[in-house]
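Now for the letters of each chain:
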Protein chains: 4
Amino acid sequence: MEAVYDEKDLNRLKEEVCEANLELAAKKLVLYTWGNVSGILREANLMVIKPSGVPYEKLTPDMMVVLDLDGRMIQGDYNPSSDTPTHLELYREFDTIGGVVHTHSTFATAWAQAKRSIACYGTTHSDYFYNEIPCTPELTSEEINGDYERNTGKVIVRTMRDRDYNAVPGILVANHGPFTWGKDPGNAVHNSVVLEELARMAQLTISINHDITGIQKVLMDKHYLRKHGKNAYYGQKVNKEQQR
Amino acid sequence: MEAVYDEKDLNRLKEEVCEANLELAAKKLVLYTWGNVSGILREANLMVIKPSGVPYEKLTPDMMVVLDLDGRMIQGDYNPSSDTPTHLELYREFDTIGGVVHTHSTFATAWAQAKRSIACYGTTHSDYFYNEIPCTPELTSEEINGDYERNTGKVIVRTMRDRDYNAVPGILVANHGPFTWGKDPGNAVHNSVVLEELARMAQLTISINHDITGIQKVLMDKHYLRKHGKNAYYGQKVNKEQQR
Amino acid sequence: MEAVYDEKDLNRLKEEVCEANLELAAKKLVLYTWGNVSGILREANLMVIKPSGVPYEKLTPDMMVVLDLDGRMIQGDYNPSSDTPTHLELYREFDTIGGVVHTHSTFATAWAQAKRSIACYGTTHSDYFYNEIPCTPELTSEEINGDYERNTGKVIVRTMRDRDYNAVPGILVANHGPFTWGKDPGNAVHNSVVLEELARMAQLTISINHDITGIQKVLMDKHYLRKHGKNAYYGQKVNKEQQR
Amino acid sequence: MEAVYDEKDLNRLKEEVCEANLELAAKKLVLYTWGNVSGILREANLMVIKPSGVPYEKLTPDMMVVLDLDGRMIQGDYNPSSDTPTHLELYREFDTIGGVVHTHSTFATAWAQAKRSIACYGTTHSDYFYNEIPCTPELTSEEINGDYERNTGKVIVRTMRDRDYNAVPGILVANHGPFTWGKDPGNAVHNSVVLEELARMAQLTISINHDITGIQKVLMDKHYLRKHGKNAYYGQKVNKEQQR
């Protein structure tokens, strides 16, 4: 079955994905080519993603790779990011997301390497992530030797099973690094930037007080809901996710 | 009762508050829109504050919001910062302050999340803050579910009860982050920058010597008074607070 | 026996070595003149290296020093880097390398000073270094008082004896700092940048989880081989070492 | 007795001291006005120092203050730095130094606040400082309440009594921060930059290995002497102190 869509929408998405990748570099979340952003055209089930291993300073919208949700290449002169099957898995399972980001940003990766979830230590965290930012379990040898990148997506989905992916827009993959998502590629990058800062604050927090535990549920609720609940009163009632 | 004031003074304050907000971004104390600065026109009991959730690069003086000390909007096309009731509480209780700043700066927030006051570990600290920078107790569930932002102001005032707010121009709100104040908006920002650096030095200090305690009272007195006492001999006898 | 080579090749190498030294400064791996890069013209057994103690901002290709592999100066108006005998030892022993870098970059040097190898805590590491980044044993008094810089090269070679220098393109010299190598000077600098970031992530990782150990061998194999093995599928099949 | 000197030499020194102060800011060792550099004209026993509390961006050579070694002002429209008596004490006691620097740079200050000398953990350290960088004992109440800034100089001199001030060109004043010196103002700033980096590396080193101790004496000797001994072979035989 052919996907039906407006070519203009796809081109706009390529621009958006390219710009979001550049924003990742501008925010210093990536060293060399260590990160990738994708976006999805839901009406056509097409994913747009960064080509593999191309330096950020050379990226242009027409270098973006287009695939269908089964991973077949539809457009593009380059190999897609090697993490493509992980992105695809997330789009298939998280129905309402519009963008996915993977980085090896320093502090978030350190938590992933430490195999420790980031507890909610303060309101900066609960403004964006409801409760802890989970760390997945390790993949098994079979999962690693099998369809590794897809299995990375599956362990993310499994770990998120009892959580609301809208309220927890990111995760740490054990031994690897963070993945985030959002309503569009730019918002997913925004969540990556926030996750990195939360990871940094949390590392300092536990170094200052080794016995610290997460904040009260009532405070978590208060901050999350004043920004995201239906009675939210933060910001100017537009583009709520990017405001404080 | 109508407030009587010179419109020029209000406009000048809007410029000052706008500039102080931009300085917060320039000094890298804020990520995205995570911070806000206000100022007060004491003769008219009017507070000028940053609008909520507007990116710093778009701020102009005429976007500043003007409120009376009961929180009624007097001028402005935007919602004021969601932290407005906290700022108002501080202006009502600390008679001589002219500016208030709230940020989520990394190191100060880490101490607030660790729920630990910053002891005075050296003369850099005592040049600006007399004795420790206190961390408030946590708010109760009732305070969080009630008038949350105003109660945040109240817990600050309560924690400062036995301290001189001129000698301790800032505080850590537990689980949340720092608030500072000063004689005007620019000076309050200056104190935020200093607090962040003190928090960073203190985190390193305790990591280098786990058993370290605060400095002698006599040294604390010496440094605080050589800059702030009536016999102060630091600087050029003008704009004393911003000198060393 | 006279070395036979094309003068153009030597000039191209001088440019490459000069540029690689400047890249070291651009990537903030060196303070003042604390680092040096060399390259080799294998067909002529000639090494090109930075002059000793010249500030980076003044370096030009014609200031590079040319030596044969016995350390005799062939061209150059300046003294070569004082670490020259270490570079020479590595070129003599590691047949296929084309560039060597030495720095005192902050985090890698801290691990070298701590006399601790950097275990492989995650896939960022295993994408570049197979298994741990070893720390050499200390030199003996005799080695220090003897031909010190050459003995530094020898302890590196000794420590690498049971490892593949292509799969472990760098090492920590105990009490001193990192050395890296690569197929050419630029690639050796790339490996220095990566090593510094790995050292930084690793320091944070062990601070977040004191009991953490290295990752599973199967994951190490997977990541190293998807970038470097004969069935590598990362990147665009060109310039593989610098891609992700 | 009138000091006899060439006015051109004094003017040149004012320029040098001004430039060295600006270099302190450029190297990010100071926040606001938290630091000062001085120089001395030995033939006239005149010290040139930064004015107190003037922002770095406004400094010009003619704003520098000139004093004799008893602290009498000879030239200048501004108050000298409040740390002037400390600088004077060092010039009086350390015969061959030509410049003095005081900062509150983050990492060096953290060690001073932790009241811990920085052991020599590696060759980066021993290239510049022979053996540990000492931390002074605390001043007594009498010393603080008396001629405080001069007593700060005296405790530095006392702590250096059994050390060679040429081989240990800096110190940590307990609870306060670092002082460094050198053959001229620029070299003293160079030593401040190096001290800050050594303090940063050392903090990381002890965090990576809590049981680490200083390096072998033989290695300390080797590195210090290859740069500073009479048979030094590092650099190009000019401006040796600033090379590697």
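Residues numbered from 1 in each chain as written. Chains lettered and ligands numbered in written order. Predicted model: local features only at pLDDT ≥ 70, side-chain atom pairs only at ≥ 80, totals over all residues. Heavy atoms only, no water.

*Asks:* How do you make sense of the sheet that holds strand β1 (residues 35-41) of chain D when you look at a structure like this?
*Replies:* Across a sheet, strands are paired by hydrogen bonds formed along the backbone, either parallel or antiparallel in direction. Residues and elements named next belong to chain D. The sheet built from seven strands is open, its strands ordered β4-β3-β2-β1-β5-β7-β6 with antiparallel pairing. Two strands close off the open sheet at either side, each with one partner strand: β4 (73-75) and β6 (170-173). The average angle at which neighbouring strand axes cross in this sheet is 25°, direction not considered. Direction of pairing for β1 relative to strand β2 (residues 46-49): antiparallel, over a ladder of four bridges. (Pairing = 2+ DSSP bridges. Helix = DSSP H or I, 4+ residues; strand = E, 2+ residues; numbered from the N terminus. Axes fitted to C-alpha atoms, helices over the stretch in contact; angles between N-to-C directions.)

*Asks:* What is the right way to read the interface of chain A and chain B from this model?
*Replies:* Where the parts come together, the accessible area they lose is often given as the size of the interface. Contact residues are listed per partner, giving 34 residues for chain A and 35 residues for chain B. For the pair chain A and chain B, the summed buried surface comes to about 3200 Å²; carbon and sulfur atoms form 55% of the total. For the pair chain A and chain B, the interface holds two salt bridges. A salt bridge links R226 of chain A to E149 of chain B, with the shortest nitrogen-to-oxygen separation between them at 2.5 Å. Taken together, the links from chain A to chain B amount to 12 residue pairs in polar contact (both at pLDDT 80 or more). At the level of secondary structure, the elements contributing two or more residues to the side of chain A that touches chain B comprise α4 (123-126), α7 (185-208) and α8 (217-228) of chain A. With 10 residues, α7 of chain A is the single largest residue contributor to the side of chain A that touches chain B. Along the lines of polarity and charge, the residues of the side of chain A that touches chain B split into 13 nonpolar, 13 polar and eight charged. (Contact = heavy atoms within 4.5 Å. Buried area = accessible area lost by both parts, 1.4 Å probe. Salt bridge = Lys/Arg side-chain N within 4 Å of Asp/Glu carboxyl O. Polar contact = N/O pair within 3.5 Å; in protein donor to acceptor, adjacent residues only side chain to side chain. Nonpolar A, V, L, I, M, F, W, Y, C, P; charged D, E, K, R; others polar.)

*Asks:* Help me out: how do you make sense of unusual backbone geometry in this one?
*Replies:* Backbone phi values are negative for most residues with the exception of glycine, while trans is the configuration of most peptide bonds. In this structure, N131 of chain B is a non-glycine residue whose phi angle is positive, near 70°. Here N131 of chain B shows up in the loop between α4 (123-126) and α5 (141-145). For N131 of chain B, a relative accessible area of 36% corresponds to the partly exposed category. Backbone geometry places K115 of chain C, a non-glycine residue, at a positive phi of 55°. (Buried < 20%, exposed > 50% of the residue type's maximum accessible area, 1.4 Å probe, protein only.)

*Asks:* Looking at this structure, how should I read the pattern of salt bridges?
*Replies:* A pair can form between side chains of opposite charge whenever their charged atoms are brought close. A full pass over the atoms with the stated rule returns 60 salt bridges over all chains. A salt bridge links E23 of chain C to K27 of chain C, with the shortest nitrogen-to-oxygen separation between them at 3.1 Å. Classification of E23 of chain C as partly exposed rests on a relative accessible area of 30%. Ionic contacts of the salt-bridge type, sharing partners, join the residues E89, R92, R150 and K154 of chain A into one network.

*Asks:* Explanation requested: the environment of T96 of chain D in the structure shown.
*Replies:* Residue and element names in this part refer to chain D. Positionally, T96 belongs in the loop between α2 (84-93) and β5 (99-103). Separated by 37 residues in the primary sequence, T96 and I133 place their C-alpha atoms 19 Å from one another. Leave out the neighbours within four places in its chain, and T96 touches R42, Y165 and N166.

*Asks:* What is the right way to look at the relation of the copies chain D and chain C in this model?
*Replies:* These two copies of the chain differ by a rotation about an axis and a displacement along the same axis. Of the two same-sequence chains, chain D is brought onto chain C (RMSD 0.0 Å, axial shift 0.0 Å) by a rotation of 90°. Expressed as an axis order, the relation between the two copies is that of a four-fold axis. Every residue of chain D has its C-alpha some distance from the rotation axis, and the shortest such distance is that of S207 of chain D, at 5.5 Å. (Least-squares fit on C-alpha atoms with pLDDT ≥ 70 in both.)

*Asks:* How do you make sense of the pairing of strand β2 (residues 46-49) of chain A when you look at a structure like this?
*Replies:* A regular strand places its side chains so that they alternate between the two faces of the sheet. Residues and elements named next belong to chain A. Side-chain alternation along β2 places L46 and V48 on one buried face and M47 and I49 on a second face that is also buried. Between strand β1 (residues 35-41) and β2, which pair antiparallel in sequence order, lie four residues; one of them, N45, sits at a positive phi of approximately 55°. Here β2 pairs with strand β3 (residues 65-68) via four bridges, running antiparallel. Residue pairing for β3: L46 is matched across the bridge by D68.

*Asks:* What exactly am I supposed to notice about the arrangement of the chains here?
*Replies:* In this structure chain B stays clear of chain C, and the shortest span between their C-alpha atoms is 11 Å. In this structure chain A stays clear of chain D, and the shortest span between their C-alpha atoms is 11 Å.

*Asks:* What is the right way to read the interface of chain D and chain C from this model?
*Replies:* Contacts between the two partners involve 34 residues from chain D and, on the opposite side, 35 residues from chain C. Taken together, both faces of the contact between chain D and chain C bury some 3100 Å²; the carbon and sulfur share is 55%. At the junction of chain D and chain C, the tally comes to two salt bridges. Between chain D and chain C we count 12 residue pairs in polar contact (both at pLDDT 80 or more) in total. Sorting the residues of the side of chain D that touches chain C by element identifies α4 (123-126), α7 (185-208) and α8 (217-228) of chain D as the ones contributing at least two each. The element best represented in the side of chain D that touches chain C is α7 of chain D, accounting for 10 residues. Looking at the side of chain D that touches chain C residue by residue, the classes come out as 13 nonpolar, 13 polar and eight charged.

*Asks:* Which parts of the structure should I look at to understand the confidence of the model for chain A?
*Replies:* A low pLDDT means the predicted coordinates there should not be read in detail. All names here are of chain A. Residue-level pLDDT values for chain A average 94, and 95% of them are 70 or greater. Considering only residues more than four positions removed or in separate chains, one finds that residues 238-244, a stretch of pLDDT under 50, has 33 contacts. With a pTM of 0.95, the predicted complex shows an ipTM of 0.94. (pLDDT = per-residue confidence, 0-100.)

*Asks:* How should I be thinking about the sheet that holds strand β5 (residues 99-103) of chain A in this particular structure?
*Replies:* Residue and element names in this part refer to chain A. Taken together, seven strands build an open sheet; the order of strands is β4-β3-β2-β1-β5-β7-β6 and the sheet is antiparallel. Looking at which strands have only one partner, the edges of the open sheet turn out to be β4 (73-75) and β6 (170-173). With strand direction ignored, the average angle separating the axes of adjacent strands in the sheet is 25°. Taken together, the four bridges between β5 and strand β7 (residues 177-182) define a ladder with antiparallel strand orientation. Looking at β7, one finds that V101 is bridged to T180. Here helix α6 (residues 148-159) sits on the sheet in contact with β6 and β7, set at roughly 125° to β6.

*Asks:* Sorry if this is basic, but what is going on with the packing of helix α2 (residues 84-93) of chain B against helix α6 (residues 148-159) of chain B here?
*Replies:* Between two packed helices, what matters for the description is the angle formed by their axes and the separation of those axes. Residues and elements named next belong to chain B. Two elements in contact, α2 and α6, have axes whose closest approach is 7 Å; the angle formed by their N-to-C orientations is 35°. Between α2 and α6 lies a crossing of right-handed hand. Counted together, P85, T86, E89, L90, R92 and E93 of α2 and E149, R150, T152, G153, K154, I156 and V157 of α6 form the full contact between these two elements. In the contact of α2 with α6, the residues fall into four nonpolar, three polar and six charged. (Left-handed = near helix turned anticlockwise from the far one by under 90°.)

*Asks:* Explain the environment of H102 of chain C here, please?
*Replies:* Residue and element names in this part refer to chain C. You can see H102 is positioned in strand β5 (residues 99-103). The buried category is assigned to H102, whose relative accessible area is 1%. With 15 residues separating them along the chain, H102 and H87 place their C-alpha atoms 8.7 Å apart. One polar contact links H102 to H104, side chain to side chain, over a distance of 3.3 Å.

*Asks:* Is there a simple way to think about α7 of chain A in this case?
*Replies:* For the α-helix, the turn length of 3.6 residues means that residues three or four positions removed from each other point alike. Residues and elements named next belong to chain A. In this model α7 runs 35 Å from its N-terminal to its C-terminal C-alpha over 24 residues, within 8% of the 34 Å that 1.5 Å per residue would give. For α7, the buried fraction is high: 21 of the 24 residues fall into the buried class. Backbone nitrogen of G186 and a side-chain oxygen of the N-cap are separated by 3.2 Å at the start of α7; the cap is D184. (Expected span 1.5 Å × (residues − 1).)

*Asks:* Explain the packing of aromatic side chains to me, please; I cannot follow it from the model alone.
*Replies:* Each aromatic ring pair is specified by the distance between its two centres and by the angle formed by the two planes. The full count for this structure, using the stated rule, is 16 aromatic pairs over all chains. On the numbers, 4.7 Å between centres and 15° between planes, the contact of F94 of chain A with Y165 of chain A is stacked. One end of the pair, F94 of chain A, is in the loop between α2 (84-93) and β5; the other, Y165 of chain A, is in the loop between α6 and β6, with 71 residues separating them in the sequence. You'll find F94 of chain A and Y165 of chain A in the same group, each marked buried. Arranged with centres 5.7 Å apart and planes meeting at 40°, the rings of Y128 of chain B and W34 of chain D form a pair that is tilted. Residue Y128 of chain B is found in the loop between α4 and α5, and its partner W34 of chain D is found in the loop between α1 (7-26) and β1; the two belong to separate chains. Of the two residues, Y128 of chain B and W34 of chain D, both sit in the buried class. Connected via pairs of aromatic rings, a cluster forms that spans F94, Y165 and W181 of chain A. K50 of chain B extends its terminal NZ or CZ atom over the ring of Y56 of chain B, reaching a point 4.9 Å from the ring centre. A cation over an aromatic ring shows up here: K227 of chain B above the ring of Y128 of chain B, its NZ or CZ 4.0 Å from the ring centre. (Phe/Tyr/Trp six-rings, centres within 6.5 Å; stacked < 30°, edge-to-face > 60°. Lys NZ or Arg CZ within 6 Å of the ring centre and 35° of its normal.)

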